[in-house]
Amino acid sequence: MSDAANNTSLFGIHGMALELRSQRMGMLTSNIANAATPNYKAKDIDFTAALKSEMSGTNIDAATAKNTQFRVPVMPSLDGNTVDLNTEQVAFSQNAMGYSTSLSFISGRVNTITRAIKGE
Amino acid sequence: MPTSGNLNIFDVAGRGMSAQMVRMNTAASNLANAGAVSSSEASTYRPLRAVFAQQLDAANGLSTVNVAGVVRTAATPLKEHNPNHPLADANGDVFTAPVDENAEMVEMLDSSRQYSNLVEALSTAKQLMLDTVRMK
């Protein structure tokens, strides 16, 4: 996807974290969208493991594919669907928070560099 | 309308919303036809039900939901002997649509809750993306 080496030097861990957060957001939205689909199995990315493998040089698509797991259902439902809306909503807002945090670190870095370039 | 190609988070939420909308429409039709009377068993209204199916985009692991079809349920109409009814058949029977109003109300509430969850997810995603683009 992106140039991992470049990303690392400029934004540190947050460049990678941001990409991963946005992938995870898509996956959690998929779970929420399929809350009423029979036989749908909820999935989630193991964020810590995926970030670790991305930091060790794996590209983002491989890292997410390798660390995607089916969620263990809290309560099994009759139609084979394993989405628990509350769990998904909590995970979604936690993930959005993480995204915002990474984003503010990145924009802080961008600010610093911009000021250095302008010589303020 | 299952289209091929890459899904993004907006497609996922948007199509999920239209699927919930179909479900809400079927529940509304069922409610509107609750208590509808007919003179033969064959022509009596049967409740509609939307059938959801997952649509997976293997390329990025996202999956959205499609309405695979809207089916009529096989519930049997309620037969009632009422010779004075204007629609009564030769035996004096009328048939009432087998709609469970409570079940339909629950269906509608569930559907509207899931719809609003998707709206919430969509607006959060939108906000985060705008924040990223504007970088502030």
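Placed above this text is the structure.
As a starting point, this report considers the structure included with it. (Residues numbered from 1 in each chain as written. Chains lettered and ligands numbered in written order. Predicted model: local features only at pLDDT ≥ 70, side-chain atom pairs only at ≥ 80, totals over all residues. Heavy atoms only, no water.)

**Brief notes about the overall build of chain B**
Move 1: Along its length, chain B carries two helices and five strands.
Move 2: The N-to-C order of helical and strand elements in chain B reads α-β-β-β-β-β-α.
Move 3: For 136 residues, the compact-globule formula gives about 14 Å, and the C-alpha radius of gyration of chain B, at 21 Å, lies well above that figure.
Move 4: Projected onto the principal axes, the alpha-carbon positions of chain B cover approximately 75 × 30 × 15 Å.
Move 5: Relative to its full complement of 136 residues, chain B shows a buried share of 35%.
Move 6: Summarising the internal contacts of chain B: among those between residues at least 6 apart in sequence, 63% fall at separations of at least 24. (Helix = DSSP H or I, 4+ residues; strand = E, 2+ residues; numbered from the N terminus. Rg over C-alpha atoms; globule rule 2.2 N^0.38 Å. Buried < 20%, exposed > 50% of the residue type's maximum accessible area, 1.4 Å probe, protein only. Contact = heavy atoms within 4.5 Å.)

**A look at the overall build of chain A**
Move 1: When its secondary structure is counted, chain A shows five helices and two strands.
Move 2: Its C-alpha radius of gyration of 17 Å places chain A more than 25% over the 14 Å reference for a compact globule of 120 residues.
Move 3: A total of about 6300 Å² of accessible surface is found on chain A, and carbon and sulfur atoms cover 60% of it. (Areas by Shrake-Rupley, 256 points an atom, 1.4 Å probe, with all protein chains shown as cover.)

**Concerning the sheet that holds strand β4 (residues 78-81) of chain B**
Residues and elements named next belong to chain B.
Move 1: Spatially, the three strands line up as an open sheet ordered β1-β5-β4, and their pairing is antiparallel. Each end of this open sheet is capped by a strand with a single partner; those strands are β1 (37-38) and β4.
Move 2: Note that β4 and strand β5 (residues 93-96) share four bridges and pair antiparallel. Across the sheet, residue L78 finds its bridge partner in β5, namely T96. (Pairing = 2+ DSSP bridges.)

**Examining the packing of aromatic side chains**
Move 1: With the rule as written, the count across this model stands at zero aromatic pairs over all chains.
Move 2: In this structure, R21 of chain A is placed above the aromatic ring of F47 of chain A, and the distance from its NZ or CZ to the ring centre is 3.8 Å. (Phe/Tyr/Trp six-rings, centres within 6.5 Å; stacked < 30°, edge-to-face > 60°. Lys NZ or Arg CZ within 6 Å of the ring centre and 35° of its normal.)

**Focus on the interface of chain B and chain A**
Move 1: The interface is formed by 26 residues belonging to chain B together with 24 residues belonging to chain A.
Move 2: Together chain B and chain A conceal approximately 2100 Å² of surface at their shared face, both sides included; 67% is due to carbon and sulfur atoms.
Move 3: Along the contact surface separating chain B from chain A lie zero salt bridges.
Move 4: Inspection of the region where chain B meets chain A yields six residue pairs in polar contact (both at pLDDT 80 or more).
Move 5: Elements with a contribution of two residues or more to the side of chain B that touches chain A: α1 (9-32), β2 (48-57), β3 (62-72) and α2 (101-134) of chain B.
Move 6: Per element, the largest residue contribution to the side of chain B that touches chain A is 10 residues, and it comes from α2 of chain B.
Move 7: For the side of chain B that touches chain A, the class distribution of residues is 13 nonpolar, 10 polar and three charged. (Buried area = accessible area lost by both parts, 1.4 Å probe. Salt bridge = Lys/Arg side-chain N within 4 Å of Asp/Glu carboxyl O. Polar contact = N/O pair within 3.5 Å; in protein donor to acceptor, adjacent residues only side chain to side chain. Nonpolar A, V, L, I, M, F, W, Y, C, P; charged D, E, K, R; others polar.)

**Let's talk about α2 of chain B**
Move 1: End to end, α2 of chain B covers 49 Å across 34 residues, agreeing with the expected 50 Å (1.5 Å per residue, within 8%).
Move 2: Within α2 of chain B, burial applies to E104, E107, S111, Q114, N117, L118, A121, A125 and L128 of chain B.
Move 3: The secondary structure elements touched by the buried residues of α2 of chain B are α2 (13-33) and α5 (85-118) of chain A together with α1 and β2 of chain B.
Move 4: At the N-terminal boundary of α2 of chain B, the capping side chain belongs to D100 of chain B, with an oxygen 3.2 Å from the backbone nitrogen of N102 of chain B.
Move 5: Positive backbone phi, at 50°, marks M135 of chain B, one or two positions downstream of α2 of chain B. (Expected span 1.5 Å × (residues − 1).)

**Thoughts on the environment of L85 of chain A**
Move 1: On the secondary structure map, L85 of chain A appears in helix α5.
Move 2: A relative accessible area of 12% places L85 of chain A in the buried class.
Move 3: Taking the C-alpha atoms as reference points, L85 of chain A and M55 of chain A, separated by 30 residues in sequence, lie 31 Å from one another.
Move 4: Not counting chain neighbours up to four residues away, the residues in contact with L85 of chain A comprise I32 and A35 of chain A together with Q114 and N117 of chain B.

**Considering the packing of α5 of chain A against α2 of chain B**
Move 1: It is the contact of α5 of chain A with α2 of chain B, at a shortest axis distance of 10 Å, that shows an interaxial angle of 10°. In terms of their interaxial angle, α5 of chain A and α2 of chain B are classed as roughly parallel. Counting all contacts with α5 of chain A, which are made through L85, N86, Q89, F92, A96, Y99, S100 and L103 of chain A, the residues of α2 of chain B involved are R113, Q114, N117, A121, T124, L128, D131 and T132 of chain B. (Axes fitted to C-alpha atoms, helices over the stretch in contact; angles between N-to-C directions. Parallel < 35°, antiparallel > 145°, perpendicular 65-115°, else oblique.)

**Looking at the nonpolar core**
Move 1: In terms of nonpolar packing, the biggest core is built from 31 residues, with M25 and F92 of chain A together with F52 and L118 of chain B touching the most fellow members.
Move 2: Secondary-structure elements contributing two or more residues to this core are α2 and α5 of chain A together with α1, β2, β3 and α2 of chain B.
Move 3: Residues in contact with F52 of chain B, not counting those within four places in the same chain, are A36, T37 and P38 of chain A together with A19, Q20, R23, V65, N66 and V67 of chain B.
Move 4: Within the second largest apolar cluster, nine residues are counted, among which are A17, I45, L51 and I60 of chain A. (Core = buried A, V, L, I, M, F, W, Y, C linked by side-chain atoms within 4.5 Å.)

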